[in-house]
Each structure stands twice: as structure tokens, then as C-alpha cells.
2 protein chains.
Amino acid sequence: MKTAVLITIGDEILSGNTVDTNSNFIATQLKDIGIKVLSVFTIPDDEQAIVSTLGKALEMADVVFTTGGLGPTKDDITKKAYAKFFQDDLIFSDEVYEHLRAYLEKRDRLWILEHNKEQAVVLSKASVFMNYFGTAPCMMVEKNGKYCFSLPGVPFEVKPFLKDQIIPFLQEKLELQHIVSRIVSVVNIPESILSETIEDWELALPEHISLSYLPVGTRVKLRLTASGSSQEMLNQSLENEITKLFPLIGENIVATHEDKIEKILSGLLIDKKLTLSVSESCTGGELAHLITSVAGSSKYFFGGIVTYATDKKIDILNVNPETVEEFTVVSEQVASEMAVGCQALFKTDISVSTTGVAGPGKGEDGKDIGTVYYTIRIGEEEVTSKLFLPHLERTDFMHFVSQKVLQDIVSLLIKK
Amino acid sequence: MKTAVLITIGDEILSGNTVDTNSNFIATQLKDIGIKVLSVFTIPDDEQAIVSTLGKALEMADVVFTTGGLGPTKDDITKKAYAKFFQDDLIFSDEVYEHLRAYLEKRDRLWILEHNKEQAVVLSKASVFMNYFGTAPCMMVEKNGKYCFSLPGVPFEVKPFLKDQIIPFLQEKLELQHIVSRIVSVVNIPESILSETIEDWELALPEHISLSYLPVGTRVKLRLTASGSSQEMLNQSLENEITKLFPLIGENIVATHEDKIEKILSGLLIDKKLTLSVSESCTGGELAHLITSVAGSSKYFFGGIVTYATDKKIDILNVNPETVEEFTVVSEQVASEMAVGCQALFKTDISVSTTGVAGPGKGEDGKDIGTVYYTIRIGEEEVTSKLFLPHLERTDFMHFVSQKVLQDIVSLLIKK
């Protein structure tokens, strides 16, 4: 199996100012073509650190990627480090400069060309992949049959570089084994019990299949990865193993093909021709955002409303002010009335509501932080649930609740 | 200056299945107490890799953190690797077991105690920090005056471990230099021009202050970091340097204290006593989600609506069907009418609308993917802008547009 090491370069990552999402993306892309990432090294914008990490990485793996440090500012020194490590010269490339000029001209930004001229300087022995979505090109240096790519740090430039240019390049150059993954999503069973329940099954897995547990909120994702020479054979053997899980934990399995809960839901809604709307308070738009992150969601998602202020729940969702007075705004009753109002407003088969206190600070009715009620209404039937998550920070709380709500819709739809 | 190395353990990170957010959080926390993260190593659930990386990390830095690999399943082997590296035995701790029992009892989950018993096994010479938000304790091993912490991988367990226990512990044990950072947010100027404009200022910075450029969408964040023995002196010298920036790029500076655009906006709205609502189409709830991620946003954010379907724009936001017919739903005119409707629905000083095509696939009116119109309405005045971002993937597109809209509200409010 071919291997890769990723090197993330940037003081801003090490200081915590920026979250590195590039390595995750690159790892996913490489996995799909059967290249295993052995390690990710995150290092500072420091010439010596870059040089020594490049050395180590090229010892370990067949392919090495660096991201970051290609900008036009003083703290970006990746190119210099490459020149030192590969004992090569940096030269001004007319071809790259012309590409840069055309790129900027097309965007009415020709006036910054002179300021970005430095980006046309590349290693003399590098192959250059042009950047169609930014100004820094990608350099590829081959050494002893290994490939080293220097990518910029901007995620939306990294993505097309990988998809359009580097993955096809690697597929052609390397003789790659096939690798296939499947994710089985399991709910309503703690990881430790799940592990015991499927222990015999796990021990009996064929050698070319590996298993990992990935807990996400209250769901556990079982990832099965198979590698071998025939894709068809791999798909078949994964299907066989997954089939054997059903007698053991069939009731807890909500999906065996899709991974993300919003995609699992998408498949179900399209399948059952059902429409959906959401009314959110404490999740503040994250539910709608999760749902609409799926391409094609406009087919079933008619809309959502965030009623943060109580009187908007009354005005727009027709929540009864007396209900609020009697039970407070964070209550089973208000959750239910919000769901009814939401269903009426958007005219959908399914509606959802959330009302709770994300914290910090006490909610307006003195309820403790971390309490949330949510209603899922399918046709005329509805289920209201409560969660109490006082240990979660604001954004984690919103995220946990949103995941759980979608997971519950999926469970309800599967039971039907 | 004290230093740290972070080790992220987990096949699920290397395969791209999970994004590592722990190292970012830990780095931020350490930065605040003046500990500099030198490197982050992401490695597989492999005993040999853990052992050798621990060795390297403890050579490099004063403090080492590992996250992950403490779960009760077979692929979690961090503890075994610790035992091997520190040449220590794993022993069953009655104290940890009792804590675990009490923790599970309180949550009505006592039935899983036996399945999680393994988590009461710790290194004989480790100090144990109890987990109040999960089942795996944190072990701390001291070696030659250096500290090595093994943390679980679940982010919402890692956060309180750091904040409540480890940071106070390190502050007490290590004699730490103070470190202070400030972020200056700059808009409407490309990084390369900015870099030239402030070059002399940058070269004249005192030695104890360092500068980095962090581009986020169309904004550039300048981070100034100062280290020294007096916090007061550091604050003063940062303030001095920032003041010198104003004659150079004052018009482009939107904030010098807060970092995130949604927090900058929050400060401005509270300051000016203005209220806000949003109506979203192509951003699908992300705007509302960003705004409500700020604690205290209920003071100024009255609500938001996601009108994904065109007829909901007409029904709920009073967009004129003739406008849609004449100009299509992705148009300046519809953006404007949505903002008017949103302001009326939520009765706020400011309202915002977005309408566009996030892709993939063509929009219902045949407009190209990546086009978006957005209106910002403040009182009776409004500004409608257009973006064309065909190169962005769906989620990046939504993210970019949301950031830009908030940035524009901030710019408009500052100009007023």
C-alpha cells in the first residue's frame, strides 16, 4: 500500500488561530485512491523545521504534501526551505507569471500583479501545477521515485488542486491498490456495550478488512475498510460482513451506506417523498444549516425559522402566550406548539422545533443552562424529547442538539 | 519560553473521517499562559508510533499532550503505549473506579459500569485527573521536570480538563512568562498590498513583538504577539504599535480587539443598541448560526428565516411574484424585497437577505452556480451587493458568503 505524510506549515495553526482543515481533506482524497496517511506533522514557518521535517517525511512515505507558507508576506518561507532541502535554485518562471497575469486580469485585479510577482518564482527542477483559484502555484518535486507537493494554505485553493490535478496525477503515476470503506451508523447503544456485543464478529473479520469505532454525539459509526486488488470483490466482502451485523444489532443500525446524518436523512426524505421544515430557538440556525449543506436539499427542505425572541415565537409560529406563561418558553408544551406552527407556516410533512438554553448565563425563565426540548412532528403525530447537557459549551451544545435531532428524525422514519 | 508538543492519536483522524479540533483548542489555551506549541504530530493508533513520538516530543518540549486512544474498544491502545514508554505498570485504581461509578450513577447509566471497568486502569506512577464529563481519566506523568498528559479524544471532555484542571496546574508548576496577543482586522485591501503598505512599520516592531498575517475570506487578520515579564507593559506596547497603524491603513481597520467577525458585530450592535434579523436562501441558516454562536446574541438578534423554496419567499417575506418572474429569484430586486420583508417580519433595525445558487447543479432559473445577491438594510437605507464565486464548493460558498455579509454589516456600521 502506498503511503503519504502531510506537513502543515504555519504559525497560525500552532498558535490556535486557525483550524487546519486541509489535512482532513487531503487524507479523505488520498484514502479514496488507496494511499494511507501515516502521519500529519504541523510545524512552524521555520526554515530549519521545514527542511528536517521534509527529510523525515520523505524517508517514511511515498508521497509528501506540504500546505501553507506560499503567500507573498515575510512570514511565508516554504519555497526557500524547499530550495535548501532539494538543493535547487529558485527561478523566475515566465510561464507562471503569464498565468498569474491572466488570472488577475480575468478578475479585474491586475493592479496587484506587481505585488504578487514573487509567486512566479519556483524551484528550477519542480513541475508546476497552475493555480486556477488563487495566486500561488503548486510545485511538485520528484526524488528517488517519491513525490513531494507544495500546496498553498487556503482550503478552497487546496481542494481543486487535489481533485482536478494531483489525484489524477498520482493515479496515473503510482500503481495503486483498491481501497473501499463503508460506514455503519449505530444509535441508542453505548460504545462499550456495542463493542462487547459485536466482539465475536469483529474477531472473525477477514484480514483484509479493518474496523474502527467513531463516536459522534450519541451515534457510533463503525468504519470498515477493505483493501485488495479487485474493487468488486472488496465491495462484496464488505457487504457480507455488514449483513452479519444485522442479527446482532439490527435495531440499532440506521444506515450502512451514507456517513453524515444529514445525508442519511436526505436519502430517506427523497425516498419517502416527504418535505421538511424547522423552527429553531437554541440551535440558532444550525439545524437549517446542516440540512442545507446537502446538495439537492431544496427538493425536500422548504425552509426554517429561527425565533430567538419569545414574542417572535408567538407572532410568527402562533405559540399561545398563555402556554409560555404557564410552562415557560423552555418547555415541552412550547416545543410542541412551535412544531405545529412551523408545519403550518411552511406546509411540510415533517416539522421540527427546538427550544432551550445554550448558555452561558441563565435563560430568561431561570431554567438551568443545558436544557432543551425538541419536537419532531410527522403528519399529525409528534414526539417531544428532552436533553440536559450542562457540560457542553455553547457551540458544542448547538452542535450536539442538531445532530441528535436529525438522528431522531432518521430513527422515527426508519421505524415507520 | 516554555514549549509544548501535541500528539493527536487516532486512525480516524489520519483517514480523514474526523477533523481534529482538540489541538486547536489546546494550542489556544496554552498560548494564553505563554506556552508555545512547537509541533503537532498526528499519528495512528499504533503502539510503536506512540512510543517513538512520545520520546521525540519529550526531547523537544517541556509539556506534552496526547489526545485519543483511551476508549474501551480494541483499537484504543494509548495506555499500553504509555506503560511501555514510561516503563511502568498498569494498575486497577479503586479511587478512579469509585469516581466512574458515581459518575455513571448520577447519569442513570450504572448498567454500563462493568463494560467500562477498563477505564479505571491507570499507570502506577501517574497522577490522575478525574473526568467529570466522560469516563476516561487523564493521566499525567512527570519525567525529568517535564509533564506528559494523556487526554481522551472527545472534544467536550478535553475542554474542561484543560480549563478547570490542567491550565491551573501548569500555571502553578511552571514559571511562565506573560504573553499577550491582539488581532487587528483589516478589510478591502489584498494581503500583498497590505504587506507593502505597512512594511516600514513591520520592520520597526520591537523585538518582543511578532506579527503574522491570517487571511480569512476577504479579511486579513494581523496578529501581534508580545511576550515579557509584565503584562501591563505588554498591553501598553501592543496598544502603541496598533495606534501607529491607523495613519497607514485606518480606513481598512474594522476591529483591534475582537477576532471573530460575529463577535465584532456583536460588540457594535450592543454598543449602538441596534437589533438584527436575517432572511437566508443560499446561505441556508449559516448566517443565523454564526450570529447566535455568540453568547448574549439574544439581546440584538430577534430571529432569522430560511426561505429555501421560492413560494415561501413570496408567502412569508412578501416578495412580489412579479419581481421573481421579471428578474428571477436570484436577483438584486428579490434580495432587496426579502430584506424589506424580513425587517417587517421581525421588526428590527437591521435586516439582511441572501439569494443565490450554492451548487452543484444549475439554479432553478438557469443562473450560473456561485452567484449571490445580498442586501443589508439599516433603517430605511439599503445596500445590495453581488458576489460571483463559482470556484467554491457548496459549504465553502455558504461560509464565504456568510463571513462577507457580516463583514459588510460591520463596515457599514463603522462608517455611520
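Residues numbered from 1 in each chain as written. Chains lettered and ligands numbered in written order. Predicted model: local features only at pLDDT ≥ 70, side-chain atom pairs only at ≥ 80, totals over all residues. Heavy atoms only, no water.

Caption draft 1: Just the relation of the copies chain B and chain A, in detail. Overlaying chain B on chain A yields an RMSD of 0.1 Å, the required transformation being a rotation through 180 degrees with an accompanying axial translation of 0.0 Å. Within this description, the copies of the chain are treated as partners about a two-fold rotation axis. The residues that chain B uses at the interface reappear at the interface of chain A in 99% of cases, marking a shared surface. (Least-squares fit on C-alpha atoms with pLDDT ≥ 70 in both. Contact = heavy atoms within 4.5 Å.)

Caption draft 2: Molecular detail of the sheet that holds strand S13 (residues 276–280) of chain A. What the 10 strands build is an open sheet, ordered S17(A)-S16(A)-S15(A)-S13(A)-S14(A)-S14(B)-S13(B)-S15(B)-S16(B)-S17(B); its pairing is mixed. For this open sheet the edge positions go to strand S17 (381–388) of chain A together with strand S17 (381–388) of chain B, each flanked by a neighbour on one side alone. The sheet shows a mean angle of 10 degrees between the axes of neighbouring strands, taken without regard to direction. Pairing geometry for strand S15 (residues 350–356) of chain B and strand S16 (residues 371–378) of chain B, over 7 bridges, is antiparallel. Considered in S16(B), the bridge of Ser351(B) is made with Arg377(B). (Pairing = 2+ DSSP bridges. Helix = DSSP H or I, 4+ residues; strand = E, 2+ residues; numbered from the N terminus. Axes fitted to C-alpha atoms, helices over the stretch in contact; angles between N-to-C directions.)

Caption draft 3: Expanded view of the environment of Ile376(A). All names here are of chain A. Relative to the helices and strands, Ile 376 is located in strand S16 (residues 371–378). Residue classification places Ile 376 among the buried residues on the basis of a relative accessible area of 3%. Placed 40 residues apart in sequence, Ile 376 and Ser 336 show a C-alpha to C-alpha distance of 8.3 Å. For Ile 376, the residues in contact, after removing those within four places along its chain, are Ile 350, Ser 351, Glu 381, Glu 382, Val 383, Val 405, Asp 408, Ile 409 and Leu 412. (Buried < 20%, exposed > 50% of the residue type's maximum accessible area, 1.4 Å probe, protein only.)

Caption draft 4: Representation of the packing of helix H10 (residues 261–272) of chain B against helix H15 (residues 394–415) of chain B in the model. Residue and element names in this part refer to chain B. Look at H10 against H15: their axes get within 9 Å of each other, and the N-to-C directions meet at 35 degrees. Seen along the crossing, H10 lies across H15 with a hand that is left-handed. Two secondary-structure elements touch here, H10 through Ile 261, Glu 262, Ile 264, Leu 265, Leu 268, Leu 269 and Lys 272 and H15 through Gln 403, Leu 406, Gln 407, Ile 409, Val 410, Leu 413 and Ile 414. When the residues that make up the contact of H10 with H15 are grouped by side-chain class, the tally is 10 nonpolar, 2 polar and 2 charged. (Left-handed = near helix turned anticlockwise from the far one by under 90°. Nonpolar A, V, L, I, M, F, W, Y, C, P; charged D, E, K, R; others polar.)

Caption draft 5: Spotlight on the pattern of salt bridges. With the rule as written, the count across this model stands at 25 salt bridges over all chains. For Asp259(A), the salt bridge identified is with Lys221(A), shortest N-O distance 2.6 Å. Note that Asp259(A) is positioned in the loop between strand S12 (253–255) and helix H10 (261–272) and Lys221(A) in strand S11 (residues 219–228), a separation of 38 residues in sequence. A relative accessible area of 21% means that Asp259(A) is categorised as partly exposed. Because the salt bridges share partners, they merge into one network encompassing Glu393(A), Asp396(A), Lys159(B) and Lys163(B). (Salt bridge = Lys/Arg side-chain N within 4 Å of Asp/Glu carboxyl O.)

Caption draft 6: Summary view of the environment of Thr42(B). For Thr42(B), the location among the structural elements is in strand S2 (residues 36–43). The spacing of Thr42(B) and Leu389(B) is 347 residues in sequence and 33 Å in space, taken between C-alpha atoms. Non-local contacts of Thr42(B), meaning those with residues more than four positions away in its chain, are made with Leu38(A), Ser39(A), Val40(A), Thr8(B), Ile13(B) and Leu14(B).

Caption draft 7: Representation of H15(B) in the model. Its 22 residues place the ends of H15(B) 32 Å apart at the C-alpha level, agreeing with the 32 Å of an ideal helix rising 1.5 Å per residue. A large share of H15(B) lies buried, amounting to 17 of its 22 residues. (Expected span 1.5 Å × (residues − 1).)

Caption draft 8: Spatial organisation of the domain arrangement of chain A. Split into domains, chain A comes out as domain 1 (3–173), domain 2 (178–255) and domain 3 (261–415). A straight line from the C-alpha centre of domain 1 of chain A to that of domain 3 of chain A covers 43 Å. (Domains from an automatic or database assignment.)

Caption draft 9: Fine view of the interface of chain B and chain A. Between chain B and chain A, the residue contacts involve 88 residues of the former and 87 residues of the latter. Between chain B and chain A, the buried area comes to about 7,100 Å², and carbon and sulfur atoms account for 58% of it. Where chain B packs against chain A, one counts 5 salt bridges. For the side of chain B that touches chain A, the class distribution of residues is 37 nonpolar, 27 polar and 24 charged. Bridge count between strand S14 (residues 301–307) of chain A and strand S14 (residues 301–307) of chain B: 5 bridges; the pairing is antiparallel. Note on S14(B): the bridge partner recorded for Gly304(A) is Val306(B). (Buried area = accessible area lost by both parts, 1.4 Å probe.)

Caption draft 10: Region of the structure containing the side chain of Gln119(A). All names here are of chain A. Note on placement: Gln 119 falls in the loop between helix H5 (94–106) and strand S5 (121–123). Polar side-chain contacts of Gln 119 include one of 2.4 Å to the side chain of Thr 135. In this structure, Gln 119 is in contact with Leu 70, Gly 71, Pro 72, Lys 79, Val 96, Thr 135, Ala 136 and Pro 137, ignoring residues within four places of it in sequence. (Polar contact = N/O pair within 3.5 Å; in protein donor to acceptor, adjacent residues only side chain to side chain.)

Caption draft 11: Quick look at the nonpolar core. Of all hydrophobic cores here, the largest spans 112 residues; its most connected members are Leu222(A) and Leu222(B). For Leu222(B), the residues in contact, after removing those within four places along its chain, are Arg182(B), Ile183(B), Val184(B), Val186(B), Leu194(B), Ile198(B), Leu211(B), Ser212(B), Tyr213(B), Leu245(B) and Ile249(B). By size, the runner-up hydrophobic cluster in this structure holds 81 residues, among which are Ile261(A), Leu276(A), Ile261(B) and Ala288(B). (Core = buried A, V, L, I, M, F, W, Y, C linked by side-chain atoms within 4.5 Å.)

Caption draft 12: A look at the environment of Lys260(A). In this fold, Lys260(A) is placed in the loop between S12 and H10. Through-space distance from the C-alpha of Lys260(A) to that of Lys313(A) is 30 Å; in sequence the pair is 53 residues apart.

Caption draft 13: Structural context of unusual backbone geometry. Residue and element names in this part refer to chain A. Non-glycine residue Asp 108 carries a positive phi angle of around 55 degrees. Relative to the helices and strands, Asp 108 is located in the loop between H5 and S5. In this structure Asp 108 comes out as exposed when scored by relative accessible area, which is 67%. Residues other than glycine seldom take positive phi values, yet Thr 328 does so here, at roughly 75 degrees. In this fold, Thr 328 is placed in the loop between helix H13 (321–327) and helix H14 (332–346). Look at Thr 328 and you get buried, because its relative accessible area is 19%.

Caption draft 14: Examining the pairing of S2(B) more closely. With respect to burial, S2(B) is a largely interior element, 6 of its 8 residues being buried. Pairing between strand S2 (residues 36–43) of chain A and S2(B): 3 bridges, direction antiparallel. Residue pairing across strands places Val40(A) opposite Thr42(B), the latter belonging to S2(B). Two elements, strand S1 (residues 3–9) of chain B and S2(B), share 7 bridges in a ladder whose sense is parallel. Bridge pairing links Thr3(B) to Lys36(B) in S2(B).

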